[in-house]
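One-letter residues, chain by chain:
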Amino acid sequence: MTTPLSTRKILCIQLSFHEDYRDAGALASTYNDGIYYIASFLQANFPDMRLDVCQMLWGENPGDYPIETYDYILISSLATMFWSNKPVLETLCRRKSSKCKIVFGGPHASFAPHEVLEYGDFAILGEGEYPIVQLLLALESGAGIEEVENLCYLGAGGALVMNKRAHYGGIDNPMNPALLRSPQRGRIQWAAVSMSRGCPFECSFCYSIRILGRQFRPKEVETIRRELTGIAGEIGSNRFYVSDINFATDKRFCHAVADQVRDLHYKYIAMTRIELADDRELVRDLKSAGFDEYYIGVESEQPRALKSFNKRCDVSRQTERLLAFADEDIHIQSGIIFGLDFQDIDAMEYSARWCAEARISHPIFMCLAEYPFQKILFGSTQTVEDHRIIIGGPTYQHYSYVGMFPRNVPPSTLQRRILQAYDIFFEHAFEIETRPQRRMRLKNHARCVKPGNDAMLKHIAYLEEIEKPYYTAAGELKEDVLKQDFEDRYGALKERLGRTVRLPKADAAHMLTSLS
Amino acid sequence: MAGGALDSEVRLSQAGIFDKVKQHLGEYLERDVSGLTLETPLTMIVPGIDSLQLFEAMLYLEDCFQIKIGDNVLDRVKNVGDLVQLLENSLALKSGTI
């Protein structure tokens, strides 16, 4: 395609976590693939365009790039990355050319467009490949931006404008491995890759389905193989994090992937559901192809907790299924959610011990809070009300952080208990695991967790400061006081978000438009 | 679990450390590694070994030799000979001979 865009320069930036708060889960930093898929899609459409990628998670610094020379800057981030990199964003705004447009994408732009628009011109809500191409074409041709799908921007009086929303069908958009070229080659332990998008389930806490939709959309297995070999050749790592929401949704697809990649002898960790354990043949087939670890959203062993998350699974078989994975020498990482009103300290200690007994190798104890204003912006169900969510600090996406005001205990206390849960888990797990390979995985995990937990003492000090007015001596939340303060602080913002203008929704036929 | 006999490990010669490294890597990786030489790149001690397996094998050697070899060991150690040298230095430091 030949357009004026061929002469344009674009910088794509993936923001990183705060340097003080290293990735306690040793996992979240692997969610870095989105920016590469966006950049690859742009390259495929505009092959002559000059495009640079700054991967902050690999230690690259946007300040080292010639910011003044770019026509567009695209930024992807999670919530905590956004809050942790405000100085970087201020630098970009200060140094960029006056004509340069800044476009945010990824989870934080999708959930809090009003925040990213303080530093940028546009936010893309959800999958970004199509919208970014549409936006660039519209801006370059001088056409209006009202037809650009999934776009959000500021309109009259500062009100948000949300263009029509669309989900896309095919995702056979291969990552260009050359975009991963990095001075860190040889030191990169993982690369993230997407083999499918979408998940048919609807867990209440899951924001991914709001970005990627509930329609399971696998890639062509030949495309997957090409991506894997290309990336391994570029960065020198043969271990991949499969960033799909629910990789094992379609068994035929999984067998086809296994057949396609078995001879590569790479290793994979993939996100999926616990029911995979019921199909031992598939588990073994995938293991023979290198899938030796899964991230499974176990969330809790408490039936009441699972019910509250709309987690449709057979609770009574959780332990049995986890032990089945251990029998196959499959390592399991899993998020365990704390902070619900009915979870007391005994329940948390029990959960931590249960993780060891169920032979989870890598639990990530977390407190999930929604991002605020999701109901007002997107009509979403929120299990945590806006006034109980801590705004402006690390929140829902940063594993093991407490980002809300619980009702029965101050947030700093909950945060301390989360740190204690790790101690309880490791002590018990090292008693249970005897094989050196499983003990070393635990040792590795403990080494990853320690620096993050040490740094979280800073977060505890922050929580202790902000919680002071809102709790009784007995640790009960003074909800009326909190609510009133919230209204005083954010009432004007709420009113502005309430005036959001929503342009007509896409029709059903368009929602099946292929990307390719 | 190997590595209980610290005193004898400390007194090992470089050849002795090399033999122990082969023994412990073989135990950990559950593969025949008798063909390793000092020149074998760490990434090729067994076919298809990935960075995580390799790092965790280093953690196992830490336990076996009862030393600490650091998070960035794979940046500094490229082949088995480098690893043996690192272990020799660490054991000497531990025993106070350097």
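**Topic: the overall build of chain B**
And step 1. Helix and strand counts for chain B stand at five helices and zero strands.
And step 2. Looking at the 98 residues of chain B, the share that counts as buried comes to 30%.

**Thoughts on the overall build of chain A**
And step 1. Helices and strands together make up the secondary structure of chain A, namely 18 helices and 16 strands.
And step 2. For 516 residues, the compact-globule formula gives about 24 Å, and the C-alpha radius of gyration of chain A, at 23 Å, lands near that figure.
And step 3. Across its three principal axes, chain A shows a C-alpha extent of roughly 65 × 60 × 45 Å.
And step 4. A burial count over chain A gives 48% of its 516 residues as buried.

**Some details on the domain arrangement of chain A**
And step 1. Once the domains are mapped, chain A shows domain 1 (4–126 + 128–165), domain 2 (167–329) and domain 3 (338–486).
And step 2. Centre-to-centre, using C-alpha coordinates, domain 1 of chain A lies 30 Å away from domain 3 of chain A.

**Section: the interface of chain A and chain B**
And step 1. Contacts between the two partners involve 14 residues from chain A, matched on the other side by 14 residues from chain B.
And step 2. The element contributing the most residues to the side of chain A that touches chain B is helix α16 (residues 436–467) of chain A, with seven residues.
And step 3. Of the residues contributing to the side of chain A that touches chain B, the split by class is two nonpolar, six polar and six charged.

**Observations regarding the sheet that holds strand β11 (residues 239–242) of chain A**
Residue and element names in this part refer to chain A.
And step 1. What the six strands build is an open sheet, ordered β8-β11-β12-β13-β14-β15; its pairing is parallel. Of all the strands in the sheet, the pair left with one neighbour each is β8 (191–193) and β15 (362–367). The average angle at which neighbouring strand axes cross in this sheet is 20°, direction not considered.
And step 2. Examined bridge by bridge, strand β12 (residues 267–272) and strand β13 (residues 291–299) share five bridges and lie parallel to one another. Counterpart to Met271 in the pairing with β13 is Tyr295.

**A closer look at α16(A)**
And step 1. When the terminal C-alpha atoms of α16(A) are compared, their 44 Å separation across 32 residues agrees well with the 46 Å that a helix rising 1.5 Å per residue should span.
And step 2. At A:Asp454, α16(A) shows its maximal bend, which comes to roughly 25°.
And step 3. When α16(A) is considered as a whole, its buried residues turn out to be A:Pro436, A:Met440, A:Arg441, A:Leu442, A:His445, A:Val449, A:Gly452, A:Asn453, A:Met456, A:His459 and A:Leu463.
And step 4. Buried-residue contacts for α16(A) involve β14 (331–338), β15 and α15 (411–432) of chain A together with α2 (14–29) and α3 (51–65) of chain B.

**What to know about the nonpolar core**
And step 1. Judged by nonpolar contacts, the single largest core of 137 residues is most densely connected at A:Cys12, A:Ile73, A:Val242 and A:Cys367.
And step 2. For this core, the element with the most residues is helix α1 (residues 34–45) of chain A, which contributes seven residues.
And step 3. Not counting the four nearest positions on each side in its chain, A:Val242 is found in contact with A:Val193, A:Met195, A:Phe247, A:Tyr268, A:Ile269, A:Ala270 and A:Met271.
And step 4. Formed by 21 residues, the second largest nonpolar core is a distinct cluster that contains A:Met440, B:Ile17, B:Phe65 and B:Leu91.

**So, the environment of B:Thr40**
Residues and elements named next belong to chain B.
And step 1. With respect to the element layout, Thr40 can be found in the loop between α2 and α3.
And step 2. Through-space distance from the C-alpha of Thr40 to that of Leu91 is 22 Å; in sequence the pair is 51 residues apart.
And step 3. When residues no more than four places from it in sequence are discounted, the contact partners of Thr40 are Ile45, Asn79 and Val80.

**Thoughts on the pairing of β11(A)**
And step 1. Of the two faces of β11(A), the one lined by A:Arg239 and A:Tyr241 and the one lined by A:Phe240 and A:Val242 are each fully buried.
And step 2. Tracing the backbone out of β11(A), into helix α9 (residues 251–261) of chain A and back to the parallel element β12(A) gives a crossover that is right-handed.

**Here we look at the confidence of the model for chain A**
All names here are of chain A.
And step 1. In this model, chain A carries an average pLDDT of 88, and 92% of its residues clear a pLDDT of 70 or more.
And step 2. This stretch, residues 24–29, has a pLDDT under 50; its non-local contacts, to residues over four places away or in other chains, come to 19 contacts.
And step 3. Here residues 507–516 is modelled with pLDDT under 50, and outside its nearest four sequence neighbours on either side it reaches 18 contacts, counting other chains as well.

**Remarks on the confidence of the model for chain B**
Residue and element names in this part refer to chain B.
And step 1. When pLDDT is averaged along chain B, the result is 84, and 86% of the positions lie at 70 or above.
And step 2. Ranking the elements of chain B by mean pLDDT puts helix α1 (residues 6–10) last, at 48, and α2 first, at 94.
And step 3. The low-confidence segment residues 1–10 (pLDDT under 50) makes 17 contacts with residues lying over four places distant or belonging to another chain.
And step 4. Taken together, the chains of this predicted complex give a pTM of 0.89 and an interface ipTM of 0.86.

**Considerations on unusual backbone geometry**
And step 1. Located in the positive-phi region is A:Asn150, a residue other than glycine, with phi close to 60°.
And step 2. Counting through the fold element by element, A:Asn150 comes out in the loop between α6 (129–141) and β6 (151–154).
And step 3. A count of 27 C-beta atoms within 10 Å places A:Asn150 in the buried class.
And step 4. One non-glycine residue, B:Gln66, lies in positive phi territory at about 55°.

**Concerning the environment of A:Cys152**
And step 1. Note that A:Cys152 resides in strand β6.
And step 2. For A:Cys152 and A:His114, which are 38 residues apart along the polypeptide, the C-alpha to C-alpha distance reads 8.8 Å.

**Re the packing of helix α8 (residues 221–235) of chain A against α9(A)**
All names here are of chain A.
And step 1. With their axes 9 Å apart at the nearest point, α8 and α9 run at an angle of 45° to one another. One finds that α8 runs oblique with respect to α9. Crossing hand, α8 versus α9: right-handed. Here Val221, Ile224, Arg225 and Leu228 of α8 come into contact with α9, specifically with Ala256, Val257, Gln260 and Val261.
And step 2. Considered class by class, the residues forming the contact of α8 with α9 number six nonpolar, one polar and one charged.

**Observations regarding helix α5 (residues 80–95) of chain B**
And step 1. Across its 16 residues, α5(B) extends 22 Å between first and last C-alpha, which sits within 8% of the 22 Å expected from 1.5 Å per residue.
And step 2. Positioned one or two residues after α5(B), B:Gly96 has a phi angle of 80°, which is positive.

Rules and cut-offs
Residues numbered from 1 in each chain as written. Chains lettered and ligands numbered in written order. Predicted model: local features only at pLDDT ≥ 70, side-chain atom pairs only at ≥ 80, totals over all residues. Helix = DSSP H or I, 4+ residues; strand = E, 2+ residues; numbered from the N terminus. Buried ≥ 20, exposed ≤ 12 C-beta atoms within 10 Å, placed from the backbone. Rg over C-alpha atoms; globule rule 2.2 N^0.38 Å. Domains from an automatic or database assignment. Contact = placed C-beta atoms within 7 Å. Nonpolar A, V, L, I, M, F, W, Y, C, P; charged D, E, K, R; others polar. Pairing = 2+ DSSP bridges. Axes fitted to C-alpha atoms, helices over the stretch in contact; angles between N-to-C directions. Expected span 1.5 Å × (residues − 1). Bend = angle between axes of the 7 residues up to and from the residue. Core = buried A, V, L, I, M, F, W, Y, C linked by C-beta atoms within 7 Å. Right-handed = clockwise from strand over helix to strand, strands pointing away. pLDDT = per-residue confidence, 0-100. Parallel < 35°, antiparallel > 145°, perpendicular 65-115°, else oblique. Left-handed = near helix turned anticlockwise from the far one by under 90°.

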